[in-house]
Structures are given as structure tokens and as C-alpha cells.
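# Examination of the molecular architecture
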Amino acid sequence: MKAVSIQAFGGADALTVTDLPRPKTERGELLIRTLAAGVNPVDWKIREGHLPHGVTHAFPLIPGWDVAGVVEEIGEGCQRFRKGDRVFAYARKPHVQWGTYAEYVAVPERHVAHMPTSLLFEEAAALPCTALTAQQALGRTGLGAGGTLLVLNGSGGVGHCVLQLAKLAGIRSIATAGARNQEFVLSLGAEASVDHDRDDLAAAVTSRFPEGVDAVLDAIGGDPLSESVALVKAGGMIVSVAGMLDAAAVGSRGVRFERVSSVPSGEQLAALATLAGRKKLKPHVQKIFALMDAAAAQEESKAGHVRGKLVVAL
Ligand SMILES: NC(=O)c1ccc[n+]([C@@H]2O[C@H](COP(=O)([O-])OP(=O)(O)OC[C@H]3O[C@@H](n4cnc5c(N)ncnc54)[C@H](OP(=O)(O)O)[C@@H]3O)[C@@H](O)[C@H]2O)c1
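Residues numbered from 1 in each chain as written. Predicted model: local features only at pLDDT ≥ 70, side-chain atom pairs only at ≥ 80, totals over all residues. Heavy atoms only, no water.

### Focus on the overall build of the protein
On a plain count of helices and strands, the protein comes out with 10 helices and 17 strands. Rg of the C-alpha trace for the protein: 19 Å, near the compact-globule value of 20 Å for 314 residues, within the 12% margin. Its C-alpha atoms put the protein at 60 × 40 × 35 Å along the principal axes. Here the protein holds 314 residues, and the buried ones make up 54% of them. In the protein, the share of contacts with a sequence separation of at least 24, taken over all contacts with a separation of at least 6, comes to 66%. As presented, the protein carries roughly 13,300 Å² of accessible surface, and 51% of it is formed by carbon and sulfur atoms. (Helix = DSSP H or I, 4+ residues; strand = E, 2+ residues; numbered from the N terminus. Rg over C-alpha atoms; globule rule 2.2 N^0.38 Å. Buried < 20%, exposed > 50% of the residue type's maximum accessible area, 1.4 Å probe, protein only. Contact = heavy atoms within 4.5 Å. Areas by Shrake-Rupley, 256 points an atom, 1.4 Å probe, with all protein chains shown as cover.)

### Examining the site of the ligand
If you check the shell around the ligand, you find 25 residues, and the closest are S155, V158, H196, H305 and V306. One nitrogen or oxygen atom from the side chain of N181 is found 2.8 Å from an oxygen atom belonging to the ligand. Protein chains shield 86% of the accessible area of the ligand, which is 930 Å² for the free molecule. For the shell around the ligand, the elements supplying multiple residues, two or more each, are α1 (41–47), α3 (128–141) and α4 (157–168). Considered class by class, the residues forming the shell around the ligand number nine nonpolar, 13 polar and three charged. (Near = heavy atom within 4 Å. Polar contact = N/O pair within 3.5 Å; in protein donor to acceptor, adjacent residues only side chain to side chain. Nonpolar A, V, L, I, M, F, W, Y, C, P; charged D, E, K, R; others polar.)

### So, the packing of α3 against helix α9 (residues 266–277)
Packing of α3 against α9 brings their axes to within 10 Å, and their N-to-C directions diverge by 100 degrees. When the axes of α3 and α9 are compared, the pair comes out roughly perpendicular. On the side of α3, the interface is formed by P128, A131, L132, Q135 and Q136, while α9 contributes Q268, L269 and L272. Within the contact of α3 with α9, the residues separate by chemical class into five nonpolar, three polar and no charged. (Axes fitted to C-alpha atoms, helices over the stretch in contact; angles between N-to-C directions. Parallel < 35°, antiparallel > 145°, perpendicular 65-115°, else oblique.)

### Notes on the pattern of salt bridges
This model, assessed by the stated rule, comprises 12 salt bridges. E76 is the partner of R27 in a salt bridge, and the nearest nitrogen-oxygen pair spans 3.1 Å. Here the residue R27 occupies a position in the loop between β2 (16–19) and β3 (29–39), and E76 occupies one in the loop between β5 (66–74) and β6 (86–90), the gap between them amounting to 49 residues. Each member of the pair, R27 as well as E76, is classed as exposed. Here K287 makes a salt bridge to E300, at a shortest N to O gap of 2.9 Å. Here E300 lies in helix α10 (residues 294–303) and K287 lies in strand β16 (residues 285–290), a separation of 13 residues in the sequence. Put simply, R47, E48 and K302 are held in one network by salt bridges that share partners. (Salt bridge = Lys/Arg side-chain N within 4 Å of Asp/Glu carboxyl O.)

### Considerations on α4
Taking 1.5 Å of rise per residue, the 12 residues of α4 would be expected to cover 16 Å, and the 17 Å separating its terminal C-alpha atoms lies within 8% of that figure. Taking burial as the measure, the 12 residues of α4 include 10 buried ones, the bulk of the element. In the stretch just after α4, G170 is the one whose phi turns positive, near 80 degrees. (Expected span 1.5 Å × (residues − 1).)

### What about the sheet that holds strand β13 (residues 213–218)?
One open sheet holds the six strands; their spatial order is β12-β11-β10-β13-β14-β15, and the pairing between them is parallel. Each having just a single partner strand, β12 (192–195) and β15 (256–259) make up the two edges of the open sheet. The mean angle between the axes of side-by-side strands here comes to 15 degrees, regardless of whether they run parallel or antiparallel. Sheet topology places strand β11 (residues 172–177) next to β12; four bridges connect them, and they run parallel. (Pairing = 2+ DSSP bridges.)

### Some words on unusual backbone geometry
A cis amide bond links F59 to the next residue, P60, at an omega of -5 degrees. Mapped onto the secondary structure, P60 falls in strand β4 (residues 56–62). Of note, the phi angle at K279 is positive, near 65 degrees, even though the residue is not glycine. In this fold, K279 is placed in the loop between α9 and β16.

### Re the environment of A242
Positionally, A242 belongs in the loop between β14 (232–240) and α8 (247–251). For the pair A242 and L231, spaced 11 residues apart in sequence, the C-alpha separation works out to 18 Å.

### Describing the layout of surface pockets
Here the second largest pocket is characterised by a volume of approximately 200 Å³. The wall of the second largest pocket is formed by 13 residues, among which Q164, S187, L188, K280 and K282 lie closest to the centre. For the lining of the second largest pocket, the elements supplying multiple residues, two or more each, are α4 and α5 (182–187). Of the residues contributing to the lining of the second largest pocket, the split by class is four nonpolar, five polar and four charged. (1 Å grid on protein atoms, 1.4 Å probe; cavity = no way out; pocket = protein on both sides within 12 Å on 5 of 7 lines; lining within 4 Å. Points joined across faces, edges and corners; volume = space filled by probe spheres on them.)

Below, the structure written as C-alpha cells:
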């Protein structure tokens, strides 16, 4: 099968289009013929050798954690899908080698869901990692209707899903974004936006929520995450998918902190597919690349200015 892989960690030029054997399904796995693969920042991070904690790897290594495509083979013990079904999945695995930048990928059936019929494969591939991460991180904030949320980086893959899911849950949000993305985050449901280059974060948040927010959902890390500690009400929650905070600094303000690492779930993805099918959750695809241009896609992701998602089409 045609795939993009690396033989060693390195720069974007380490990615080459290669011919590799089709992965074999193990018990409980489906073989999916990939029609589109979502591009996530973790892809270039893995390519450079920054593997998430606890993750092993082997070469040749095919990157990619998001797939939308068609079921090609049903592995032993699988029951919920048929050959030809249009599906999508968060194909994150504890051992990184056979990813989704390839014509075929084997994925545990329990991580797969039928994709919304109203979406293109390129749109469906933009959802699994980011929408599941958004859903799981939002869940950890403990917020319900009427709660207030500061979203740090509302315009990237995770943030643009967080804002839509928060709005659906009746959560009031304020989001940081660059100048060109102010309208974008407002269109997704944020009731106010903060320009991360020009505005003072504390002044912007307290002018909308004078007592601070109930929770922060961070998708950028660094200084904005540290600054946000002072903007959460006592007893509030900070959840990050991108950075870390010193537990002592947070605890002294009576605020809790949790770093979330999202996990695949076919069940949660099916619920998100229903929302997407009803157009209540819309993936924003900034650009679609050909498989042979996967290196350019990763360079663009690494530059850090993607609005929504990049996708590789096969
Ligand atoms: N823990 C997990 O399970 C998990 C899952 C998925 C992603 N992640 C991580 O979460 C982070 C976000 O990933 P992503 O895919 O959502 O988005 P991304 O591609 O990293 O974000 C791109 C967006 O960030 C905005 N941005 C850049 N600098 C900013 C700043 N200082 N403040 C606010 N926004 C800023 C850019 O907007 P402008 O161009 O307007 O500046 C752009 O729209 C990454 O570190 C990724 O690895 C973690």
C-alpha cells in the first residue's frame, strides 16, 4: 500500500511516500481503507521524536491519528460494522507505527463509529481527535448550563470544537484567538473574544466576567495558561490539553488543575457524529493536502496558525 512514513526521527524532509505492506488486523480490529487523514500537531511532534508519555514506537513509522474511510476487512470477533461502511476513528495507539497517512489502517472496532452521512470524508477526518479531546476536556471542567469558561486558543482544532460543544451545553465562553480569528471564534459560540497579541488577558476576561470564570480550558500552554490561574474563581477548574501548571501555585488559590490526554472511544465518537450530522458540530477544514504533500501539511501545522484543521486526502 502507498503510505507516508519515516525511517528515523527528523525534519519534515524525513517524510517519504513509500510502498509498505498492508497492516494485518488483530482480533477485534477493522481494516479501514483511508480516504482522508486528519493532521494534528502530535504528528509533527512524533516525527521529531517527542513521543507522548508511555508511547512506544518502531520504524518504518507512519504518522497520523485520525481516519475517515471505508471498512475493507472485518477482523475476527468484530460485530458492529460491515464491509463498505463509511466510518471514522481516533486511531491513537499506545504503540506508534501504523498510522493513518496510509491507504489502509487497522483500528480496534471499539474505537470506530459510522461517520455522518452528510459529511465529506475530508470533513469527517477533521473531527475524531479534536472533537473527542474537546468533549473529554470539557467534561473534566465539570461545567453545566450557565457555567463560565475561558478557552485559551479557541481557533485551533480542539478549541473550535470546544466552543461549539460549550455553546450546545449552555456554557458561556470567552476565547483567545489572533486578530484574523476574532470573528471566527464568535461565530462558533464564544460570547466574547480576546486578541492574544494585542489585548490584556486579565482585563478582557474581567470586563466580561468581573468575578472571574468557573473554568479554563487551555489548548496553548505557556504564559496564557499561567496567567489564567488568577482569572478562575476559588474552587474553579483549569483543564489543559497542551501545558502544565505547578500544583502548589494553583492550590494556593483554591483552584484545581488537570492535564487531559484524550483517549479513543467509538461510543463518544458516535454521539459526536450525531451532532455533526445535525450540523450542530461543524469541523472547519482550512486546507486539504494530497498524501505526497504531507510534509507541507505538517510544516503548516507546526507554524501554529491553522484555523480549525488540516487534512490529507488519499
Ligand atoms: N492532550 C491531548 O489529548 C491533545 C489532543 C489534541 C491536541 N493537543 C494539543 O493541543 C494543542 C492545540 O492543538 P490544536 O490542534 O487544537 O491547535 P493548533 O493547530 O496547535 O492551534 C492553532 C491555532 O492556535 C492559535 N494560536 C497561536 N498562538 C496562540 C496564542 N498565544 N493564544 C491563543 N491562540 C493561539 C492560532 O491562531 P492565530 O493564527 O490567530 O494566532 C491557530 O488558530 C497542541 O499542543 C496539541 O498538541 C493535545
